[in-house]
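Chain by chain, the residues run as shown.
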Amino acid sequence: MAAVWRPFASALAQGSNCLMSHSSIKNKLPVSFIARSSYPNAVFRCRSFSSRANEPSARRRRGSRFLKFSGYLGLAAFGVWVADRYLYASTVERNVRTVIAGAIVSLDYYFHFNVDNAENIDDLHLRSAKRILETCQKNAGLYIKFGQQIASLNGVSPPAYSNTFRVLYDMAPPIPIDVVRQIICSELNISDFNEIFQWFENGPIASASVASVHRARLRDGTPVAVKIQKPEISIQMEWDLATFELVLRCIEWFFELPLSWTAKTIKTHMRQEVDFVNEARNAAEAAKYISENSRLSSRAYVPKVYNEYTTQRVMVMEWIDGTKFQDLPKQSSFNTTEVVETMVDVFSDQIFNRGFVHGDPHQGNILVRPNPSNPKRPQLVLLDHGLYVRCRDEFRHDYALFWKSLFTRDMPTLTQIATSWGIGDVELFASAQLQRNWTATNPVHVSHKVSATEMFQKQKEMQARLKNYLADTDRLPPELVFIGRNLNIVRANNKYMGSPVNRINRMANAAVAALGDDWSVWTTRSELEKQRAMAKQSSYFSIDSWVRAVSFVVKSQYNYWNFQAVMFASTLAFEVVQFWQKLNAVLFGVRAVGFEDVLDAQLRKQIEKQYGVVLDENVFDA
């Protein structure tokens, strides 16, 4: 057999020697091929045959390396998961989940929120709302509060969002009792739980997104309420706030809506809200302001905080027996009108007079009890003082002037104030403050249906108008974030009670009272500046100066009586609506609706006409 193959091998070797004479080819050939070509008598073996023999072992080596790498990677991932879950309260997992959900929702809107998909926009809103809700429910903690914030944005969000996120108002799992005892002993630096408490109720009387509240009794028998912060909050908070800001910036970038300006204010106040020492200071300051107001001192009350038993994570306060605000229509014989009047007056005083405003006055944070000095009269008890906003004096004055100018329809002053705050749409801002439709002339109502395409176009117009609305976010007062929240919640509380109070009138009168007796506030700012400039240019004793002075007084008095006339007309309209609704209920069995419901209907129609957003009838019940 060797003899048969030897001529072929010899010929191949000669051919290879010829090839070797060309250096350009030689340099490109394998070493093994060159070596074999030097021995013409040897049986030639191509390199490809030997390399194929080694391929199974090479594959085995590569497979082994891959398995080792996968094992190390899996072990590292498992270690990260264990550390994240048991040392960092699933912080990484929660925020990765948030980023993924945010990216999916943003891309969904980016590709499907267009005129070609106008018929399916409601489905887009619904699936996005469900996706965000699922993320909030899985993440829990501060995400429950974030979800509640989304639910409270019902003035601008589609019904799918407000309806979907309502479940979060009732979702807040409690802290296990053994963990509660550990936190209290650690925070108060005691070894025995009974050193402070004679009795402690195991089950919480309330459980919110940040803390749980338990009823207890001190060693001397004093009944108290003990507020305990959930243990994971301190670990998760900074990561959650950073992710919250990231999501806001992504939405701002995707949809060109100015949202990130709120991040700094919200993050600052969220940090303050989880600091119970700060809450104790807020409660003391709120109690001081109420006691200094003779109109409110006997009508409202803030429970005492025991500072010696209060830390950043534990707070012990006076126990108050009372009726929950939401239970008043069913369980109380108190005059609900008097209760709601007190509520509106307290928060109006905070906004326009004190500049120290409760940021979360929802129904769960208000109790009503018999007045200690007169048990037949109700007394409002304010709870949960963690979230307050402190207003600058300049802002407080301008905000009160803005409210006064709304009722005198003083557009120059309204425009000047709004522009100084970086707001480009005065009418939209005015409607947001009143929580009802407001225009420079008269409200416009809509009585026809619009198509889905028209609806989409109107929503795009709303997006453009919102961009103009916040024309310069650098100048926007941060106080507006939580004042707007306060206004919306107070309005919803009034509506819940059947709108027994003309909220807008009482707030407008509080704004005017805060401005004082200076007649200059009863004229336009432009007229006042004009009068001051002209006074500098003429003699005090000239006829022109006296004419201007008289003219100034006349115009001021006109504006004053114009304001009073608007207040009277508003009061008359309120009473007529109340009477008509009650009459319909008695004569025809028609469900009586309050004045806030009437305002809601007007505002919903205006929003539908101008922005193409169809809101359900409960949209403002945040």
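Going by the structure above, here's the rest.
The model shown is predicted, which means the values in this text are computed figures rather than measured ones.

**Some thoughts on the environment of Glu285**
Here is step 1: Secondary-structure assignment places Glu285 in helix α12 (residues 276–292).
Here is step 2: The residues touching Glu285, leaving out its near neighbours within four places in the chain, are Phe356 and Arg390.
Here is step 3: There is a polar contact of 3.0 Å between the side chain of Glu285 and the side chain of Tyr289.

**Remarks on the sheet that holds strand β5 (residues 300–301)**
Here is step 1: Read across the open sheet, the 4 strands follow the order β5-β10-β9-β7; overall the sheet is mixed. Each end of this open sheet is capped by a strand with a single partner; those strands are β5 and β7 (323–324).
Here is step 2: Direction of pairing for β5 relative to strand β10 (residues 374–382): parallel, over a ladder of 2 bridges. Within β10, the residue paired with Tyr301 across the bridge is Val381.

**Brief notes about the nonpolar core**
Here is step 1: Membership of the largest hydrophobic core comes to 98 residues, with the highest contact counts inside it found for Met343, Tyr399, Trp403 and Ile483.
Here is step 2: Contact partners of Ile483, with chain neighbours within four places excluded, come to Ile351, Val357, Val389, Cys391, Phe395 and Tyr399.
Here is step 3: Counting 19 residues, the second-largest nonpolar core is a separate cluster that includes Cys185, Phe200, Val226 and Val314.

**Brief notes about helix α20 (residues 503–515)**
Here is step 1: With 13 residues, α20 should reach 18 Å at 1.5 Å per residue; the first-to-last C-alpha distance of 19 Å fits that figure.
Here is step 2: Buried residues of α20: Arg503, Ile504, Asn505, Met507, Ala508, Ala511, Val512 and Leu515, and no others.
Here is step 3: Of the residues flanking the end of α20, it is Gly516, one or two places downstream, whose phi is positive at about 90 degrees.

**Regarding the pattern of salt bridges**
Here is step 1: Under the definition given, this model contains 23 salt bridges.
Here is step 2: Residue Arg97 is joined to Glu93 by a salt bridge in which the shortest nitrogen-to-oxygen separation is 2.9 Å. In this pair, Arg97 and Glu93 both sit in helix α5 (residues 91–112), 4 residues apart, roughly one turn of the helix.
Here is step 3: A relative accessible area of 22% places Arg97 in the partly exposed class.
Here is step 4: On the accessibility criterion, Glu93 (31% relative accessible area) is partly exposed.
Here is step 5: In this structure, the salt-bridge partner of Glu479 is Arg392, at a minimum N-O distance of 2.8 Å. Placement of Glu479 in helix α19 (residues 479–496) and of Arg392 in the loop between β11 (388–390) and α15 (393–408) is noted, with a sequence separation of 87 residues between them.
Here is step 6: Since its relative accessible area comes to 3%, Glu479 is described here as buried.
Here is step 7: In the salt-bridge network here, residues are joined through shared partners; they are Arg295, Arg299, Glu341, Asp345 and Arg506.

**Details of the environment of Val381**
Here is step 1: Tracing the backbone shows Val381 in strand β10.
Here is step 2: Contacts of Val381, omitting those with residues within four sequence positions, involve Tyr301, Pro303, Ile320, Asn365, Ile366, Leu367 and Arg369.

**Focus: the packing of aromatic side chains**
Here is step 1: Under the defined criterion, the tally for this structure stands at 13 aromatic pairs.
Here is step 2: Here the aromatic rings of Tyr110 and Phe111 are separated by 5.3 Å at their centres, their planes lie at 90 degrees, and the arrangement is edge-to-face.
Here is step 3: The interplanar angle of 65 degrees and the centroid separation of 5.4 Å between the aromatic rings of Phe197 and Phe200 together place this pair among those described as edge-to-face. Accessibility classification places Phe197 together with Phe200 in one group, the buried group.
Here is step 4: Linked through ring pairs, Phe352, Phe395, Tyr399, Phe402, Trp403, Phe407 and Trp421 together constitute an aromatic cluster.
Here is step 5: The aromatic ring of Tyr301 is capped on one face by Arg369, whose charged end is 4.7 Å from the ring centroid.

**Side note on the packing of helix α14 (residues 336–354) against α19**
Relative placement of two packed helices is described by the angle separating their axes and the distance separating the axes.
Here is step 1: Running from N to C, α14 and α19 point in directions that differ by 170 degrees, and their axes come no closer than 10 Å. Between α14 and α19, the crossing angle belongs to the class labelled roughly antiparallel. Within the contact between the two elements, α14 uses Val340, Met343, Val344, Phe347 and Ile351 and α19 uses Ile483, Asn486, Leu487, Val490, Asn493 and Asn494.
Here is step 2: Tallied by class, residues from the contact of α14 with α19 come to 8 nonpolar, 3 polar and no charged.

What counts, and where the lines are drawn
Residues numbered from 1 in each chain as written. Predicted model: local features only at pLDDT ≥ 70, side-chain atom pairs only at ≥ 80, totals over all residues. Heavy atoms only, no water. Helix = DSSP H or I, 4+ residues; strand = E, 2+ residues; numbered from the N terminus. Contact = heavy atoms within 4.5 Å. Polar contact = N/O pair within 3.5 Å; in protein donor to acceptor, adjacent residues only side chain to side chain. Pairing = 2+ DSSP bridges. Core = buried A, V, L, I, M, F, W, Y, C linked by side-chain atoms within 4.5 Å. Buried < 20%, exposed > 50% of the residue type's maximum accessible area, 1.4 Å probe, protein only. Expected span 1.5 Å × (residues − 1). Salt bridge = Lys/Arg side-chain N within 4 Å of Asp/Glu carboxyl O. Phe/Tyr/Trp six-rings, centres within 6.5 Å; stacked < 30°, edge-to-face > 60°. Lys NZ or Arg CZ within 6 Å of the ring centre and 35° of its normal. Axes fitted to C-alpha atoms, helices over the stretch in contact; angles between N-to-C directions. Parallel < 35°, antiparallel > 145°, perpendicular 65-115°, else oblique. Nonpolar A, V, L, I, M, F, W, Y, C, P; charged D, E, K, R; others polar.

By themselves, these figures tell us nothing about what the structure is for.
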